[in-house]
Every structure is written in C-alpha cells, then in structure tokens.
Amino acid sequence: MRTFWLPVLGLSLIALGWIGCGSAAFAQTADATEKEIERYRAMISDPMANPAFLNVDRGEALWSLARGTKNVSLQTCDLGEGAGKIDGAYAKLPRYFKDADRVMDLEQRLLWCMEAVQGFDTKDIIKRRFSGPGVVSDMEDLVAYIAQKSSGAKFAVTHSHPKEQEVYAVGEAMFYRRSAVMDFSCATCHSEDGKRIRLQGLPNLTKPGKAVQETMGSWPTYRVSQSQMRTMQHRLWDCYRQMRMPIPDYASDGITALTLYLTKNAEGGEILVPSIKR
Amino acid sequence: MMTKLLQLLTALLSFATLLAPPTLAQSPAKVSPDLVEAYVKGTWKTPAEGWQARIDQDDTQRACSLSRNQPAKAEFDKILAREKAAVVFPADGVVLGKWQDGEKVAQIGTGGQFTDSPTGPRGGNCYACHQMALTELSYGTLGPSLQEYGKIRKYSGDDAKAAYAKIYNAQSVLPCSNMPRFGHNKFLSEQQMKDVTAYLFDPESPVNKK
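Residues numbered from 1 in each chain as written. Chains lettered and ligands numbered in written order. Predicted model: local features only at pLDDT ≥ 70, side-chain atom pairs only at ≥ 80, totals over all residues. Heavy atoms only, no water.

Asker: How would you explain the state of the cysteines if you had to name every residue and give the values?
Answerer: If you walk through the whole model with that rule in mind, you get two disulfides over all chains. A sulfur-sulfur distance of 2.1 Å marks the disulfide that ties Cys-64 of chain B to Cys-176 of chain B. Measuring handedness by torsion sign, the sulfur bridge of Cys-64 of chain B and Cys-176 of chain B sits at about -90 degrees and is left-handed. Placement of the pair is Cys-64 of chain B in helix 4 (residues 59-66) and Cys-176 of chain B in the loop between helix 8 (157-168) and helix 9 (190-201), with a sequence separation of 112 residues. You'll find Cys-64 of chain B and Cys-176 of chain B in the same group, each marked buried. Among the cysteines around Cys-129 of chain B, which has no disulfide bond, Cys-189 of chain A carries the closest sulfur, lying 6.8 Å off. (Disulfide = S-S within 2.5 Å. Helix = DSSP H or I, 4+ residues; strand = E, 2+ residues; numbered from the N terminus. Buried < 20%, exposed > 50% of the residue type's maximum accessible area, 1.4 Å probe, protein only.)

Encoded structure:
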C-alpha cells in the first residue's frame, strides 16, 4: 500500500543512475526525471508515500526494546536534551556530551548509549551499519525515528563548548584537505555556487545559506537509486568513495567533525525528514 | 560571429571566476594541522592493505589544503617549479594517440574507488568537469569548456604537447588547480593520456567536428 507507486519511480531513476557512465541520450531523460523527483519531493512528508517511514516505525520499536546485559531500552538515553527526550534533539547534534567528554553525532551517541546504558555489544550493529539486500540496519532505523522527531525544527547546534568549537574547526580543515590519486577535497566539488558534475547539481556547502540548509535538512533520506534509507554517515562514505579514499571508519570523530561543520553552516535551516531523493 | 562573441564572453567569464578568490563562510577558525591529522588518523584507523598512501598527503596537496587552494606567491612558485620538473613526456616525444580510445578515457568515471574492481574500467572522467564534444550533453561545469580545443589552437604540435603536460600534471601549469594530476598520481597510463590528448587535438575527433 505504502509503496505502490515506487516501482515506476524506481525504474526511471535506475535509468538516471547510469548518467554517470555518460551518453547524450540520457540528458533529456534526466531533465524529465529531475521534474519527476520534484513532484515526489512534495510527497516526502506523506507516510503513505515515503518508504523511509517503515524505518521510522522500526526505529520507534527499537528505541523502546529492552536488550543488552542490562536488559533495558534506550528510553533513558540522553541525546543532549535530557534522558529519553527525543523531540528536537537531532536539530542540536552533533554536540558535546559531558558524560563521554566528547562531541558526538547522533550515531556515535546511540552507540555510546547502547554500550553504557544497555550493556549491549555493538559489534554486530556496526557490521550492519548500512542496509542492503537482506541486511536491515538498526542504526538507520533509529536515526530515521529520532531525526523525524525534529522534522519541522530548525538546525541550532550549540557551538558554545570549546570542544565543539575545536571540532568544528577540524571539520572545516578536513573539508579542504586534499589527498589520494585524484587530489580531491570536499571543496573540489562543494565550494562554488551553481556547479555540477555531469548533470548532478553540487551544493555549495562552505557558506551559510539555502544550499547547505536544504542539503542538511533533507538527511536522513530515502535514496531511490539504492532503495534504502540513508544517513549522513552513508553520504560521506559515498563522497569519500568518489574521492578515491579508503573506507572511512563508521562513527569516527572525523566524520562527526565534518558533520558538525556542515550542520553549523546549515544553522536556521528547516529539517524535513525523512526526505526522498535520487 | 555572434556565437564567436558568445564563446569569447563565456571564456572570459570562466577565466574571471578562476581568478576570483573563493568566498569563505567566515575566516577559517584556527586549528593546528597536527590536530587535524590526528583526526584523519582516527577516521582511517586500519585502511586496507596498500591504501595508506591515499590518506597521506604529498607536499603539494598539503600546501594547497592549508592555503585553501590560494597559495601565497612564494608557495605558488615553489609548487609550480616542483610539479613542472615532475612531468614525464613519452620517450619518443609523440603525445597523440587514438582519439576513439581517448573518448573512452574522457567518458569513463570509474576506477580506483573502494567499490571498484582493480581490473575494472578506469578513466579520467573528464566529462565530470568539462564540456568536450558538442554532441555530449551530460557534462559537468567544474572546469572550462574544451569544445573545439584543438581546432581553436590550429592543431599546433606545441599546444598538443602543452595539453599533454596539463593532463599529466595540471599543477605544473596552475598550482592548486582543482584538476587531478593524472600522470603524476599514476592514475592514467601514458597511452590513455596520449589517447585523450588526441581526443582534444585530432581534427576528426567530435571535440573539433560539428
């Protein structure tokens, strides 16, 4: 019921996916598909139309599921707004947590809570960090649920603790750090307005404004080309892949630094998630 | 005439954006490069065998990163001299291969990603950043248009050699260019670079023919 129209969109988007391999014939298709995507974007807040709401539902169940050696749920996990408070929490992450003495993004914080609150071994959870055929990701589900509780809120990271300021600065430096066989940094593709790679528009993420706000405000997202709900961890995994870098460690401090840099730049931007996109 | 004018204008415009300093959000926050490198280390704790070199920076990558691709004059000159000295031309001096194979080099965007097979197709992905053949509508805009590149240069042998050097090492011409150093980083083979140079310089190539 929820997904009845998706095969149609899926097909045209699979065609779009091949643009990376390049052929003139795809240009028109891409244009039409872009319009189509716009139309579907309007449906993102409709739980009947966006498959990511399945993740939201599963995440809600996981949040209240007792497990781990302590056999408790995550409901006492403090995401920064107080134990068990989820509403609006995502809009202020990444942030500094005193108990861990670290700046953490949502995924790092959830892993921390699983270990500290639940006494839960996260090895298998981390192994399943990204969903795929036959693989369900607890992390993607939990992020979908928690981020959705900030839908409609505006990004407002605190940025007052010295560690937060330090991590932001590190993230900014990493954004400009060039390496690997293509000499790429994030800035190669995301530091100018109105640029594109092949036909894909590239948001300028280096200055506050609409581009970075709309970008950050639309993650987590259901990626039609992958038929999965994805989080920012996966997006940055994908960009480092294009940069010819090795696989970055999941929930590592460098990824959090980049995420804080981007989220701070997106300050004031409205969160509308889970969204749906290519 | 009108199109010539337009071309000139777009060329001038893209030149202007190249020279304009990028607009920064706020002046960069101060952070020690050592701290940044510690974070980098923590993000790739145990890279797959043979991949550590992808993380480590050479002197040029480091200088461009720290200056956000705006090296001061002295640094600029240093990079230019170093990268220029590192260009290796084909032993026989022939920089033109087969344009038909060069088209594949320009089109293929895979190779070297952690999801790619080491033996799979590998290309320069020139179309990610450049307009080339008029018939190819799926092109990116990170670099200037290279449409009619050889034709405009009257198929000059010296210009072809300069283009080969540009492809081999973009920074031997412009320090901290966003364009990859395809030969320097051993990403493309000599043959691939000759072929893509031919794609730009062969009168029969769709880059030069309408």
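Asker: Describe the interface of chain B and chain A, listing the residues and the values that go with them.
Answerer: Each partner contributes residues to the interface: chain B has 56 residues there, and chain A has 50 residues. Interface area for chain B against chain A, summed over the two sides, is near 4,900 Å², with a carbon-plus-sulfur share of 54%. On the chain B side of the interface with chain A, the three residues burying the most area are Tyr-39, Trp-44 and Phe-114 of chain B, jointly 16% of the side's total. The tally of links between chain B and chain A comes to four salt bridges. Close ionic contact of Asp-183 of chain A with Arg-181 of chain B constitutes a salt bridge, the shortest N to O distance being 2.8 Å. Connecting chain B to chain A are 28 residue pairs in polar contact (both at pLDDT 80 or more). Elements supplying a minimum of two residues to the side of chain B that touches chain A: helix 2 (33-43), helix 3 (52-55), helix 4 and helix 6 (99-107) of chain B. A total of seven residues in the side of chain B that touches chain A trace back to one element, the largest contributor, which is helix 2 of chain B. Of the residues belonging to the side of chain B that touches chain A, the class tally is 25 nonpolar, 24 polar and seven charged. (Contact = heavy atoms within 4.5 Å. Buried area = accessible area lost by both parts, 1.4 Å probe. Salt bridge = Lys/Arg side-chain N within 4 Å of Asp/Glu carboxyl O. Polar contact = N/O pair within 3.5 Å; in protein donor to acceptor, adjacent residues only side chain to side chain. Nonpolar A, V, L, I, M, F, W, Y, C, P; charged D, E, K, R; others polar.)

Asker: Lay out the environment of Pro-246 of chain A in plain terms, naming residues and giving numbers.
Answerer: For Pro-246 of chain A, the location among the structural elements is in the loop between helix 10 (232-242) and helix 11 (253-265). Classification of Pro-246 of chain A as buried rests on a relative accessible area of 3%.

Asker: Explain the pattern of salt bridges residue by residue, including any values.
Answerer: Opposite charge on two side chains makes pairing possible when the charged atoms of those side chains draw close. Scanning the entire structure with this criterion turns up 27 salt bridges over all chains. Two residues, Lys-73 of chain B and Asp-77 of chain B, come together in a salt bridge whose shortest N-O distance is 2.7 Å. With Lys-73 of chain B and Asp-77 of chain B both in helix 5 (residues 73-85) and four residues apart, the pair spans about one turn of that helix. Of the residues examined, Lys-73 of chain B reaches a relative accessible area of 61% and is grouped as exposed. Put simply, Asp-183 of chain A together with Asp-58, Arg-82, Glu-83 and Arg-181 of chain B are held in one network by salt bridges that share partners.

Asker: Kindly report on helix 10 of chain A, identifying the contributing residues and their values.
Answerer: All names here are of chain A. Within helix 10, nine of the eleven residues are buried, which leaves it mostly tucked inside the rest of the structure. Inspection of helix 10 places Met-232, Gln-233, His-234, Arg-235, Leu-236, Trp-237, Asp-238, Tyr-240 and Arg-241 among the buried residues, and these make up the whole buried set. Buried residues along helix 10 sit in contact with helix 4 (106-116), helix 7 (162-175), helix 9 (210-216), strand 5 (221-223), strand 6 (228-230) and helix 11. Directly beyond the C-terminal end of helix 10, a positive phi value near 65 degrees is found at Arg-244.

Asker: Please provide a residue-by-residue account of unusual backbone geometry, values included.
Answerer: The amide bond that connects Leu-93 of chain A to the next residue, Pro-94 of chain A, takes the cis arrangement and shows omega of -5 degrees. Position of Pro-94 of chain A among the secondary structure elements: in the loop between helix 3 (52-63) and strand 1 (95-97). Residue Val-273 of chain A is joined to Pro-274 of chain A through a cis peptide bond whose omega torsion reads -5 degrees. Tracing the sequence through the fold places Pro-274 of chain A in the loop between helix 11 and strand 7 (275-277). Phi at Arg-68 of chain B takes a positive value of approximately 50 degrees, unusual for a residue other than glycine. Mapped onto the elements, Arg-68 of chain B comes out in the loop between helix 4 and helix 5. Residue class for Arg-68 of chain B comes out buried when judged on its relative accessible area of 12%. Phi angles above zero are rare outside glycine, and Tyr-155 of chain B is one such case at about 55 degrees. Among the structural elements, Tyr-155 of chain B can be located in the loop between helix 7 (149-152) and helix 8. Overall, the relative accessible area of 32% leaves Tyr-155 of chain B in the partly exposed class.

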